[in-house]
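# Structural features, examined
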Amino acid sequence: MCGIVGYVGKRQAAPLLLGALKKLEYRGYDSAGIALSGKTFAVKKCTGAVKNLRDAAFLEGTCGIGHTRWATHGAPSERNAHPHVCGRFAVVHNGIIENYKALRAECEARGERFASDTDSEVVAHLLEFYFRGDLIGALRQACARLMGSYALAVLCTEFPQTIALARSKSPLVVGVGGGVWCASDVPAIAAKNRTVYVLADGEFALLGEQATFFGREGNVISKQPLEYDAAGSIPARRGYRHFMRKEIDEIPAVLENRPHAVGLPTYAEVRRALAAAPHISVVACGTAYHAGLAAKYAFEALSRVRCEVTVASEYRYGDPIVEAGDLVIAVSQSGETADTIAAAQLAKERGAAVLAVVNVPGSTLAGIADFVLPVSAGREIAVAATKSFNAQLMLLYTLAATLAEAKGRRGYGDLLKDFPALARKTVSVGEGVRAWVAYFMSAASVYFIGRGADYVAALEGSLKLKEITYLPSEGYPAGELKHGTLALVEEGTPVVAVLTSEKLAEKTMNAVHEVYARGARVFLITSLEAYADAAELTGAVVIPPCGDVFSPMLSVIPLQLLAYYVALARGNDPDKPRNLAKSVTVE
Ligand code: M6R
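Residues numbered from 1 in each chain as written. Predicted model: local features only at pLDDT ≥ 70, side-chain atom pairs only at ≥ 80, totals over all residues. Heavy atoms only, no water.

## Considerations on empty space enclosed by the protein
Under the convention used in this document: Residues are called lining when one of their atoms sits within 4 Å of a cavity or pocket point, these points coming from a 1 Å grid over the protein atoms alone, where a cavity is a set in which a 1.4 Å probe fits but cannot get out and a pocket is an open set with protein on both sides within 12 Å along at least five of seven lines. Grid points are joined across faces, edges and corners, and a volume is the space filled by probe spheres set on the points. We count a stretch as a helix when DSSP gives it H or I for four or more residues in a row; a strand needs E for two or more, and each element gets its number in order from the N terminus. Each residue receives one of three labels: charged for Asp, Glu, Lys and Arg, nonpolar for Ala, Val, Leu, Ile, Met, Phe, Trp, Tyr, Cys and Pro, and polar for the others, Gly being one of them.
Within the structure shown, the criterion is met by 2 cavities of 30 Å³ or more. Val-254, Asn-257, Arg-258, His-260, Ala-261, Pro-374, Val-375, Ser-376, Ala-391, Met-394 and Leu-395 together form the lining of the largest cavity. Elements represented by at least two residues in the lining of the largest cavity include exactly helix 7 (258–262) and helix 13 (387–406). A class-by-class count of the residues in the lining of the largest cavity yields 7 nonpolar, 3 polar and 1 charged. There is about 50 Å³ of room inside the second largest cavity. Every residue lining the second largest cavity is listed: Cys-2, Arg-69, Trp-70, Thr-72, His-73, His-82, His-93, Gly-95, Thr-118, Asp-119 and Ser-120. Residues belonging to the lining of the second largest cavity are distributed by class as follows: 2 nonpolar, 7 polar and 2 charged.

Spelled out as structure tokens, the structure:
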């Protein structure tokens, strides 16, 4: 993870670097730092978020690099904050240098001293070792020694108005206009009249008065600029206290974007690939994995086509049964999740076609996929995914309805048209969960239960809660509790049941009776009004009737709100939960 930036131009670099770094905080906020070029480096570092670096705004210099960190190797301390300096070089790094121990031992054997516990510092040492006056030459030699993933921005005191860049498996873009810039993503440096280029794996660049790009062999190459929407890539909170709450309110509008994907030429190609695929596989992580689980219910229920869903980190190191003709759907909000990218690559190597379902069309995952369908949720800032989940569901459900149609089962696509309006109503009634907050404040553990598609909503509700409230929480199939987990339910334990399936309602209510009998405080999210008055309930939110196959698109909304309000009440920042980052670009 981590975010890196660089600026070289005529203006003072420090405030520009700090501004860009703030936009990259979704990638980590364990520590931050900047270095400005000169005869020596002016370096400032801090623990925690970029705001703690405000003194650095007064550093003088028109060329510099910056970093916001999500700690992998070495504690989140000032000592381990980037940039790392060795001799003539200062380096910021995003990624993981897997062979850093061996490289560090080699440097230490030469008598070099290290100032941090990170994997990244070794890059500065290698640069100092290989440098013979040629900056790109030294960078290429250093990179040839590295295993793992990296996006690197490098300063060298011998070239005080230059930044050198290298990329392998971690994103890096260059912006030209109003100075020359680099960053881990486009929005950090997006501006009107700024041309953006995406550095590809194995490429290098030198930024000075202009940007010069180099291929693997050190040859100068020309690059096509990226088409991007500068205005659309910088969302504001617009009066909301937190992005997460704003993003929940955006769900109804986001669900209206479905026809956009359906109208794309790629959609017709995907429809053909889906219809021809003997079965479907989904790979994803976290919330996107839950979207995949929800899609499985829809694919199997509507078209009786087998769908298997695997956590990407398990898929990539397993020996998945995947072959030519299979369709593998890789779901990812960011399109930069290292495990999902690696799983998609493995599926491709084995002959499958890969469909990327992403929220960031220019992302790495989109770049390697055979087909790309955008979920068009708009930029999501809060680390906890909300609107992107609903948007992923809308797209995956649309695909399920399309496949069902190809199998002669029509009409499901029409049902989806009602969901933007239903979601609007659900956000409004979902506010009712605020009355439940006190019961969750200091719970030793919380359980979310459901059956079928409701179980998926329970899983996602539980992930949201633990992620931003830090309360231990589990999502469970309602019928499975009594096989062990029921032992953990005691007086006052909050249990949230999700119930939208008419067919399974009584079965889920059995679990409600069982936990209530053991002292649990039971809360219900249901589309079946008749169950909302059950005597066992401490609270109920009744969402609009919506059938059960697509119901997670609505039932998850009160659960997202619940997590948000409990996090607030516990004094947490819901947008920036501890230890996490929005984009998980390391494994
Ligand atoms: O960008 P991706 O969708 O690939 O990210 C996957 C997970 O890291 C992500 O969904 C994570 O679980 C969220 N923080 C959950 O809210």
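## Observations regarding the pairing of strand 3 (residues 42–47)
Threshold: We treat two strands as partners when DSSP finds at least two bridges between them.
With 6 bridges joining them, strand 2 (residues 31–36) and strand 3 adopt antiparallel strand pairing. Paired with Ser-31 across the two strands is Thr-47, which belongs to strand 3. Counting the residues in the hairpin turn of strand 2 and strand 3 gives 5 residues.

## Notes on the nonpolar core
Applied cut-off: Throughout, nonpolar core names a set of buried Ala, Val, Leu, Ile, Met, Phe, Trp, Tyr and Cys residues whose side chains join them through atoms within 4.5 Å. Burial here depends on accessible area, computed with a 1.4 Å probe over protein chains only, as a share of the maximum for the residue type. Under 20% is buried, over 50% is exposed, and the range in between is partly exposed. Boundary definitions for the domains trace back to an automatic or database domain assignment. Contacts are assigned to residue pairs that have any heavy atoms within 4.5 Å of one another.
Of all hydrophobic cores here, the largest spans 87 residues; its most connected members are Phe-299, Ile-329, Leu-355, Leu-399, Phe-419, Phe-440 and Met-553. Each of domain 2 (236–417) and domain 3 (423–573) gives at least three residues to this core. For Phe-419, the contacting residues outside a window of four places in its chain are Leu-255, Met-394, Cys-546, Phe-550, Met-553 and Leu-554. If you look at the next biggest cluster of nonpolar residues, it comprises 30 residues, including Cys-86, Leu-135, Leu-146 and Ala-164.

## Comments concerning the sheet that holds strand 15 (residues 280–284)
This is how it is decided: Note on geometry: axes are C-alpha line fits, over the in-contact stretch for helices, and angles between N-to-C directions span 0 to 180 degrees.
If you trace the 5 strands from one edge of the open sheet to the other, you get 16-15-17-18-19, paired in parallel fashion. The open sheet is flanked by strand 16 (307–311) and strand 19 (371–374), the only strands paired with a single partner. Going across the sheet, the axis of each strand differs from the next one's by a mean of 20°, ignoring polarity. Direction of pairing for strand 17 (residues 327–332) relative to strand 18 (residues 353–358): parallel, over a ladder of 6 bridges. Paired with Val-331 across the strands is Val-357, a residue of strand 18. Relative to the sheet, helix 8 (residues 265–276) contacts strand 15, strand 17, strand 18 and strand 19, its axis offset from that of strand 19 by approximately 120°. Packed onto the sheet, helix 13 meets strand 15, strand 17, strand 18 and strand 19 and runs at close to 160° relative to strand 17.

## Brief notes about the site of the ligand
Applicable threshold: Whether a residue is near a molecule or strand depends on its heavy atoms: it is near if one of them lies within 4 Å of it. Two N or O atoms count as a polar contact when they lie within 3.5 Å, although within protein this holds only if one can serve as hydrogen donor and the other as acceptor, and sequence-adjacent residues are included solely when both atoms are side-chain atoms. The Shrake-Rupley method, run with a 1.4 Å probe, gives the accessible areas here. Residue values count only the displayed protein chains as cover.
The immediate surroundings of the ligand are formed by 14 residues, with Ser-332, Gln-333, Ser-334, Thr-337 and Glu-467 found nearest. Here an oxygen atom of the ligand sits 3.0 Å away from a polar atom, N or O, in the main chain of Thr-287. A distance of 2.6 Å separates an oxygen atom of the ligand from a polar backbone atom of Gln-333. Contact with the protein chains hides 90% of the accessible area of the ligand, taken as 410 Å² for the molecule alone. Broken down by secondary-structure element, the contributors of at least two residues to the shell around the ligand are helix 9 (286–303) and helix 17 (453–469). If one sorts the elements of the shell around the ligand by residue count, helix 9 sits on top with 3 residues. For the shell around the ligand, a count of residues per class yields 6 nonpolar, 6 polar and 2 charged.

## Re the sheet that holds strand 20 (residues 446–450)
Sheet architecture is open: 5 strands sit in the order 21-20-22-23-24, paired in parallel fashion. Pairing within the sheet leaves two strands with one partner each, and these edge strands are strand 21 (473–477) and strand 24 (537–542). Geometrically, the sheet is characterised by an average inter-axis angle of 20° between neighbouring strands, direction not taken into account. In this structure, strand 22 (residues 494–499) lies alongside strand 23 (residues 521–526), joined through 6 bridges in parallel fashion. Residue pairing in the sheet places Val-498 in a bridge with Ile-525 of strand 23. Where helix 18 (residues 505–517) meets the sheet, its contacts fall on strand 20, strand 22, strand 23 and strand 24, and the angle it forms with strand 22 comes to roughly 170°.

## Points about the packing of helix 13 against helix 19 (residues 552–569)
Packed helices, taken two at a time, are described by their axes: the angle between them and the distance between them. This is how the line gets drawn: Geometric relationships in this document are graded by angle, where less than 35 degrees denotes roughly parallel, more than 145 denotes roughly antiparallel, 65 to 115 denotes roughly perpendicular, and other angles denote oblique.
Here helix 13 crosses helix 19 at 170°, and the two axes come no closer than 10 Å. Classified by the angle their axes make, helix 13 and helix 19 are roughly antiparallel. Here Phe-389, Asn-390, Leu-393, Met-394 and Tyr-397 of helix 13 lie close against helix 19, whose contacting residues are Pro-552, Met-553, Val-556, Ile-557 and Gln-560. Across the contact of helix 13 with helix 19, the residue classes break down as 8 nonpolar, 2 polar and no charged.

## Re the domain arrangement of the chain
By a frequent convention, interface size equals the accessible area lost on bringing the separate parts together. As a reminder, the rule being used: Defined in terms of a 1.4 Å probe, buried area is the accessible area two parts forfeit on being brought together, summed over both. Whenever Lys or Arg places a side-chain nitrogen within 4 Å of a carboxyl oxygen from Asp or Glu, that contact is recorded as a salt bridge.
Assigned domains of the chain: these are domain 1 (3–233), domain 2 (236–417) and domain 3 (423–573). Placing a centre on the C-alpha atoms of domain 2 and another on those of domain 3 gives a separation of 25 Å. If you look at the interface, domain 2 gives 32 residues, while domain 3 gives 26 residues. Area buried by domain 2 at its contact with domain 3 is led by Arg-245, His-290 and Tyr-297, which between them contribute 22% of it. The interface formed by domain 2 and domain 3 contains 2 salt bridges. Of the charged contacts in the structure, one is a salt bridge between Glu-431 and Arg-245, with a shortest N-O distance of 2.6 Å. Taken together, the links from domain 2 to domain 3 amount to 10 residue pairs in polar contact (both at pLDDT 80 or more). Element by element, the count of residues in the side of domain 2 that touches domain 3 is highest for helix 9, at 9 residues. When grouped by side-chain class, the residues that make up the side of domain 2 that touches domain 3 number 22 nonpolar, 6 polar and 4 charged.

## A closer look at the packing of aromatic side chains
So the rule is basically this: Ring pairs are drawn from Phe, Tyr and Trp, using the six-membered ring of Trp, whenever the two centres fall within 6.5 Å, and their geometry is named by plane angle: stacked under 30 degrees, edge-to-face over 60, tilted for the rest. Only when the NZ of Lys or the CZ of Arg is both within 6 Å of the ring centre and within 35 degrees of the ring normal is a charge said to sit over the ring.
Per the counting criterion, the structure on display carries 11 aromatic pairs. An angle of 80° between the planes, with centres 6.1 Å apart, marks the rings of Phe-419 and Phe-550 as edge-to-face. Within this pair, whereas Phe-419 is found in helix 15 (residues 419–430), its partner Phe-550 is found in the loop between strand 24 and helix 19, the two being separated by 131 residues in sequence. The burial state of Phe-419 is the same as that of Phe-550; both residues are buried. Between Trp-436 and Phe-523, the ring centres sit 4.9 Å apart and the planes meet at 35°, which makes this aromatic pair tilted. Taken as a pair, Trp-436 in the loop between helix 15 and helix 16 (437–440) and Phe-523 in strand 23 lie far apart in primary sequence, 87 residues in all. In textbook terms, an aromatic cluster arises when at least three aromatic residues are bridged by ring pairs, as seen for Trp-436, Tyr-439, Phe-440 and Phe-523. For the cation-ring pair, Arg-110 lies above Phe-129, with the distance from its terminal atom to the ring centre recorded as 3.6 Å. Over the aromatic face of Tyr-470 sits the side chain of Arg-578, whose NZ or CZ is 3.9 Å from the ring centroid.

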